[in-house]
Amino acid sequence: MNSLVVDAARRLRSNPGAVCAMFVAAGMVALALLGPGFNPNGSETLDWLHVASQPALQSAHWFGTDRLGRDLFARTLEGTRVSLAVGVVASAVSLSVGISYGAVAGYVGGRTDHVMMRIIEILSGLPLIFFVIFLTVIFGRSESLLFLSIGAVGWLTMARIVRGQTLSIRRREFIEAAVASGAGTARIIVRHVIPNIIGPVIVYATLTVPQIIMFESFLSFLGLGIQEPHASLGTLIAEGAGEMEAAPWILLVPGGFLAVLLLALNIFGDGLRDALDVKER
Amino acid sequence: MAPILSIDDLSVSFSQPKRSLFAVRQVSLDVAARECVAIVGESGSGKTQVFMAAMGLLAGNAAAAGSVRFEGGEILGAGPRQLNGIRGSKLTMIFQDPMTSLTPHLKIGTQLAEVLVCHAGASWSEARLAARRMLERVRVPEPERRLSQYPHELSGGLRQRVMIGMSLLCGPQLVIADEPTTALDVTVQAQIMDLLRAMREEVGMALVLISHDLGVVAGLADRILVMYAGRIVESAGSAELFRRARHPYTAALLNCIPSLSGPRLERLPTLPGQPPRPEDVLDGCAFAPRCPRAAERCRVERPLLTNENDGASRVACHFPLSP
């Protein structure tokens, strides 16, 4: 068995905060995926008898309904599912592009590195919101476009981190030994560089997921992201913010979900960093 | 017989913003098949850089001039494609610190097998079997278990055995061992030297031993080259060198080795002074400022490495110690 993973898992288990956060996050993911099966109310069904009703356990709507009479619990679960999907897909995009880009720039170095990093600087100089609005105007609104545009921007930081990590190990002896034993550049990057920097990268990725969820919520709040009748946590919060004085639960339920989810993912990511970040003992 | 490795008039310099540093100055040497040559010198004498240049491993700001031929073909300045056909298979290197020269996140078995997959086109299962046999040959206990362990789970001595095994996997013509025992403690050091000796008898490769310790290479080397300030100052058969060193620097080095027999010394003898810095421009003999035998001529005219009458022993000194 992979002893590095075993070691990391043992250290992670001895961190109660991280274990707790892991269970909370896993529970919320499970709820978002399986929850609708247990809830008799659909997220798009309108219940005209209970418009903007208060949360109550004995009624049909545990978390109340919004101003169109839709079950808030079902909507929040759908929102969580969409937000998580955006977070995971966009992180995966930024992870794969960022790792390959950063590792090549850092390992090859010299002029290649210069050019590649300048491209990153130019891209990160573009105002993000403007960029997303621009894409939405050209291609129209779609969820896949949202995934893509967030991922397209998220890889920049990842590439910088990977490049930094690569620079810190490219002069190490085992890389020199690999060169001396006749391994080509591509093989060295794939076999000797990337596996050795994957720890910090995974940690950064787990911290990226909440960041992206946050960003998606922000875009949706502005009306640039997920559109009705679909929901993400961001659109739900935006909707709730309008009813804040009359029906605060419409804001508080999805807001609470978002806060708990982000907190759990962040604590888990932190714990993962501590667990993986023991250098070569 | 043609030498395996033939280095001719090799110079290595490092360019820095304001100046150039010369690490190796016009070094020529040959390594014959099955021969063991030791290169001895203190830190900064250029002994490692000679072979880094040969392997194409020089730092980015280094420039090498001269010629390095391996099996008759020029390899100095050769492209990575040509070098990778040689490096790791016919020409291999063992590094100083086994703690850092194995990739930390790959299992020992994978790292060993990869060399064969990469160079000999073996399948992974064949390569793994060969790796296991090699671990047995380099006397690694429990080879099967070691294959699936990570470098950090092995001791320094074991790791150096793995490195030696890795360097021998493809049946190399020449192995360059760059201070293979410096990072190990003394008893392990002796075991590793024994292993190198045994492997040399079994495999029959030529071996270059780079060391700062005459005592370590004494038992293994056929020939010893002494380097000082980027040049070879003396070249002699191993026994010959210990019996009668001709260069005052070699003599001073030998003098610094404490002896078990003989009178008890109050202080260990040391060489006074410092070696010249690599940026210094030297007209005369680089060792002259520290040499007890130096005369005016030594400071103005650089002594050349001369052929002695028997052709085997060479020394670069105007006033060599008489036999």
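Everything here concerns the structure above.
Residues numbered from 1 in each chain as written. Chains lettered and ligands numbered in written order. Predicted model: local features only at pLDDT ≥ 70, side-chain atom pairs only at ≥ 80, totals over all residues.

## Concerning the overall build of chain B
Okay, so step 1: In terms of regular secondary structure, chain B is built from eleven helices and twelve strands.
Okay, so step 2: Relative to a compact globule of 323 residues, whose C-alpha radius of gyration would be 20 Å, chain B shows 21 Å and is just as compact.
Okay, so step 3: Taken over the C-alpha atoms alone, chain B extends approximately 65 × 50 × 40 Å along its principal axes.
Okay, so step 4: Excluding contacts between residues fewer than 6 apart, the proportion of contacts in chain B whose partners are at least 24 apart in sequence is 64%. (Helix = DSSP H or I, 4+ residues; strand = E, 2+ residues; numbered from the N terminus. Rg over C-alpha atoms; globule rule 2.2 N^0.38 Å. Contact = placed C-beta atoms within 7 Å.)

## Digging into the interface of chain B and chain A
Okay, so step 1: Taken together, the contacts link 25 residues of chain B with 20 residues of chain A.
Okay, so step 2: For the side of chain B that touches chain A, the secondary structure elements donating two or more residues are α2 (80-86), β6 (91-94) and α3 (108-119) of chain B.
Okay, so step 3: Per element, the largest residue contribution to the side of chain B that touches chain A is four residues, and it comes from α3(B).
Okay, so step 4: Here the side of chain B that touches chain A is built from residues that sort into twelve nonpolar, ten polar and three charged. (Nonpolar A, V, L, I, M, F, W, Y, C, P; charged D, E, K, R; others polar.)

## Describing the sheet that holds strand β3 (residues 36-40) of chain B
Residue and element names in this part refer to chain B.
Okay, so step 1: With respect to topology, eight strands assemble into an open sheet ordered β6-β7-β8-β3-β9-β10-β12-β11, the strand pairing being mixed. Among the strands making up the open sheet, the edge pair consists of β6 and β11 (306-307).
Okay, so step 2: Seen against the sheet, helix α6 (residues 156-168) touches β6 and β7 (174-178) and runs at an angle of roughly 175 degrees to β6. (Pairing = 2+ DSSP bridges. Axes fitted to C-alpha atoms, helices over the stretch in contact; angles between N-to-C directions.)

## Re the environment of L156(A)
All names here are of chain A.
Okay, so step 1: Summarising the element assignment, L156 is placed in helix α6 (residues 143-170).
Okay, so step 2: Note on L156: 20 C-beta atoms within 10 Å, which makes it buried.
Okay, so step 3: L156 has contacts with I120, L123 and S124, leaving out every residue within four places of it along the chain. (Buried ≥ 20, exposed ≤ 12 C-beta atoms within 10 Å, placed from the backbone.)

## Brief notes about the pairing of strand β8 (residues 206-211) of chain B
Residues and elements named next belong to chain B.
Okay, so step 1: For β8, the buried fraction is high: six of the six residues fall into the buried class.
Okay, so step 2: Alternating residues of β8 divide into A206, V208 and I210 and L207, L209 and S211, and every residue in both groups is buried.
Okay, so step 3: Taken together, the five bridges between β3 and β8 define a ladder with parallel strand orientation. Note that in β8 the partner of V40 across the bridge is S211.
Okay, so step 4: The pairing of β7 with β8 spans five bridges and is classified as parallel. Note that in β8 the partner of L174 across the bridge is A206.

## Considering the sheet that holds strand β4 (residues 62-70) of chain B
Strand pairing within a sheet occurs via backbone hydrogen bonds; the two strands may be parallel or antiparallel.
Residues and elements named next belong to chain B.
Okay, so step 1: Pairing is antiparallel in the open sheet, where four strands are placed in the order β2-β1-β4-β5. The open sheet has two edge strands with one neighbour each: β2 (20-31) and β5 (73-74).
Okay, so step 2: One ladder, built from eight bridges, connects strand β1 (residues 5-15) with β2; its direction is antiparallel. Its bridge partner lying in β2, L5 is registered against V31.
Okay, so step 3: Packed on one face of the sheet, helix α1 (residues 47-55) meets β1, β2 and β4 and runs near 105 degrees to β1.

## Re the packing of α6(A) against helix α8 (residues 185-221) of chain A
Residues and elements named next belong to chain A.
Okay, so step 1: At their nearest, the axes of α6 and α8 sit 10 Å apart, and the two run at 150 degrees to each other. What the angle tells us is that α6 and α8 run roughly antiparallel. You can see that α6 and α8 cross each other, and the crossing is right-handed. Of the residues in α8, those touching α6 at L146, I150, G154, M158, I161, V162, Q165, T166 and I169 are V193, N196, I197, P200, V201, Y204, T208, I212, F215 and E216.
Okay, so step 2: For the contact of α6 with α8, a count of residues per class yields 13 nonpolar, five polar and one charged. (Parallel < 35°, antiparallel > 145°, perpendicular 65-115°, else oblique. Left-handed = near helix turned anticlockwise from the far one by under 90°.)

## Quick notes on the nonpolar core
Okay, so step 1: If you look at the biggest cluster of nonpolar residues, it comprises 100 residues, and the most contacted ones within it are L174(B) and V208(B).
Okay, so step 2: Beyond its immediate stretch of four places on either side in the chain, L174(B) contacts I4(B), L5(B), V31(B), L91(B), M205(B), A206(B) and V208(B).
Okay, so step 3: Listed in part, the 62 residues of the second largest apolar core include L72(A), L77(A), V93(A) and V209(A). (Core = buried A, V, L, I, M, F, W, Y, C linked by C-beta atoms within 7 Å.)

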